Amino acid sequence: MAKEPLTLTIIASQSSREYALFRGKTKRATLILTDNYGEFNCMLKNKEGHEDRLKTSIASFKNVPKNIMNLFYEQKIVKESSQVSKIGLKVVVPNNNFLHDQLITENYLNELKNLQHKFKWLKDVISEIENLWQAFPFVPLIATSDSSFNSCKPEQAWNYGIDISLSDKLGIKRFGYQGLACESVVSQLYYDLPQKLIVCYLDEQHSTITALNSGCAVDSTSGYWPNEAIFAGSSSDSVPYEAVESMRQDMGLTYDQMVEHLNKYSGLFGLSGESPSINHLLQQAENEANNLARLAVKTYIYNIQKGIGQMVAACGGADALVFTGSVGENSDHIRTKIVNGLDYFGFAIDERKNSKCKNPEAPTKINLRTRVNQIYVVSADEHQVLATHTIKY
């Protein structure tokens, strides 16, 4: 019996690359490479979830695609002659032309290049595509939109209160993000999927809350910009234009420098003046008399609670709340602080269950049994969703 084909899925960012290898729909392993200010690290996560740090001579992301199959071979994940049949790449682009899965062609790449002056993170995606084409010249490369899941939102959830002719012309719409994570949550809760579900995606660099009704997106706190409405890490949330312009003039920055400041020196880092890590700030706030760390944590929690409230209103109520993303899946303290302000929605946390729940293998309930509304912790698997999209294309 012939083996099912191999599929490679990729998530690329400025400081990291993730490569997951699938045989059919079964994940074999994931390689995670990070560049921490020049220190290049490589880690292998096998199909059981066990992680091993690897020694590698690779010193830049440019060289990863042409060596990725050798890395999997060296770890005995595949045989030396194994060939990839398709490659799937996560794409985040605030533009109507990138709302659905597409085969990446020269025209597609040129469209991305035309937009990279507006969306700086596209530089890393463009570079990855070019490197993949050199390493796998005859393998179809499929782009999966992170906004595709949100495309079923009602029409009133797409627009801002601006000139509609301009917003249509320029594609300034509330696209919403973290769609792959939401799709993973829906897939894992499929047989017990609550009708009105609030998905709280909390990551070190991105936070988005999405309202779902019967598994379809109703609205999201993220709109045109991924970090809109809720700040995280070193990125700001929605800041009025007048305030941004006032800051820019005071600091004597160009437009591009101001954008960089909002993306690298704001959020938790800007509020605390110390760190973009919510876990670090939690320790500082609780163990030391660090008022700025305490303020950053309180503001972060408050913004998330407001976002949940907005999504409950958009959904017309809530039957369940899901925590996902690296912070949502692992920080019981953050989950407690958030839920403690949501009692009026019928949510109450079981501290014993919550304290034991970190990066669960399967969806795990952490709510008190005396409450009807459920609270889940779900480890979102974006690569699994990417693989499903790529195989189907």
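Each remark here, short or long, concerns the structure printed above.
Since the structure is predicted, the reported quantities are computational estimates derived from the model, not experimental observations.

*Asks:* Even after reading the chapter, I still don't get the packing of aromatic side chains, so can you show me in this structure?
*Replies:* Aromatic rings in a pair are described by how distant their centres are and how their planes are angled relative to each other. Counted by the stated rule, this structure contains twelve aromatic pairs. Where Tyr-190 meets Tyr-191, the ring centres are 5.1 Å apart and the plane angle is 90 degrees; that geometry is what we call edge-to-face. For the residue pair Tyr-190 and Tyr-191, the accessibility class agrees, reading exposed in each case. Taken together, the ring pairs in this structure connect Phe-119, Trp-121, Trp-158, Phe-175, Tyr-224 and Trp-225 into an aromatic cluster. We note Arg-17 situated over the ring of Phe-61; from NZ or CZ to the ring centre the distance is 4.3 Å. Its end group placed over the ring of Trp-158, Lys-153 keeps NZ or CZ at 4.6 Å from the ring centre.

*Asks:* Can you help me understand the sheet that holds strand β3 (residues 26–36) in this one?
*Replies:* Backbone-to-backbone hydrogen bonds pair the strands of a sheet. The strands run either parallel or antiparallel. One open sheet accounts for eight strands, arranged β5-β4-β3-β2-β1-β6-β8-β7; its pairing is mixed. Both outer strands of the open sheet, β5 (51–54) and β7 (102–103), are each paired with one neighbouring strand and no more. Where strand β2 (residues 16–23) meets β3, eight bridges bridge the pair, whose relative direction is antiparallel. Along β3, the bridge assignment pairs Tyr-19 with Leu-31.

*Asks:* What's the story with the packing of helix α9 (residues 278–287) against helix α10 (residues 291–315) in this structure? I'm lost.
*Replies:* Helix packing geometry: the angle between the two helix axes and the distance between the axes. In the contact formed by α9 and α10, the axes pass within 8 Å of each other and the chain directions differ by 125 degrees. In this view, α9 runs oblique relative to α10, as classed from their interaxial angle. For the crossing formed where α9 meets α10, the hand is left-handed. Between α9 and α10, the contacting residues are Ile-278, Leu-281, Leu-282, Gln-284 and Ala-285 on the first element and Ala-293, Arg-294, Ala-296, Val-297 and Tyr-300 on the second.

*Asks:* Got a minute to help me understand the pattern of salt bridges in this structure?
*Replies:* Pairing between side chains becomes possible if they bear opposite charge and their charged atoms approach one another. Per the counting criterion, the structure on display carries twelve salt bridges. Among the salt bridges present, the one from Asp-381 reaches Lys-27, with a minimum N-O distance of 2.9 Å. Taken together, the residues span a long stretch of sequence, with Asp-381 in the loop between β14 (374–377) and α14 (382–392) and Lys-27 in strand β3 at a distance of 354 residues. Among the salt bridges present, the one from Lys-264 reaches Glu-260, with a minimum N-O distance of 3.3 Å. You can see Lys-264 and its partner Glu-260 sitting in helix α7 (residues 255–264), four residues apart, about one turn around the helix. For Lys-264, a relative accessible area of 35% translates into the label partly exposed.

*Asks:* For this particular structure, what's the right way to read the pairing of β2?
*Replies:* Consecutive side chains along a regular strand alternate between the two faces of the sheet. The buried fraction of β2 amounts to six of the eight residues, a majority that puts the element mostly inside the structure. Alignment of strand β1 (residues 6–12) against β2, held across seven bridges, turns out to be antiparallel. Within the sheet, the bridge partner assigned to Thr-7 lies in β2 and is Phe-22. Hairpin connection of β1 to β2: three residues between the antiparallel strands. In this structure, the hairpin formed by β2 and β3 is closed by a connection of two residues, where Gly-24 is found at a positive phi of approximately 65 degrees.

*Asks:* Looking at this structure, how should I read unusual backbone geometry?
*Replies:* Glycine aside, residues mostly have negative phi angles, and peptide bonds mostly take the trans form. In the Ramachandran plot, Gln-178 falls in the positive-phi region, its phi being about 60 degrees despite a non-glycine side chain. Structurally, Gln-178 is set in the loop between α4 (164–170) and α5 (179–188). Note on Gln-178: relative accessible area 6%, which makes it buried. A positive phi angle is found at Ser-214, which is not glycine, with a value near 55 degrees. In this fold, Ser-214 is placed in the loop between β10 (207–213) and β11 (216–220). By relative accessible area, Ser-214 is classed as partly exposed at 49%.

Reading the values: the criteria
- Residues numbered from 1 in each chain as written.
- Predicted model: local features only at pLDDT ≥ 70, side-chain atom pairs only at ≥ 80, totals over all residues.
- Heavy atoms only, no water.
- Phe/Tyr/Trp six-rings, centres within 6.5 Å; stacked < 30°, edge-to-face > 60°.
- Buried < 20%, exposed > 50% of the residue type's maximum accessible area, 1.4 Å probe, protein only.
- Lys NZ or Arg CZ within 6 Å of the ring centre and 35° of its normal.
- Pairing = 2+ DSSP bridges.
- Helix = DSSP H or I, 4+ residues; strand = E, 2+ residues; numbered from the N terminus.
- Axes fitted to C-alpha atoms, helices over the stretch in contact; angles between N-to-C directions.
- Parallel < 35°, antiparallel > 145°, perpendicular 65-115°, else oblique.
- Left-handed = near helix turned anticlockwise from the far one by under 90°.
- Contact = heavy atoms within 4.5 Å.
- Salt bridge = Lys/Arg side-chain N within 4 Å of Asp/Glu carboxyl O.

Functional significance is not addressed by these values, which are geometric in nature.
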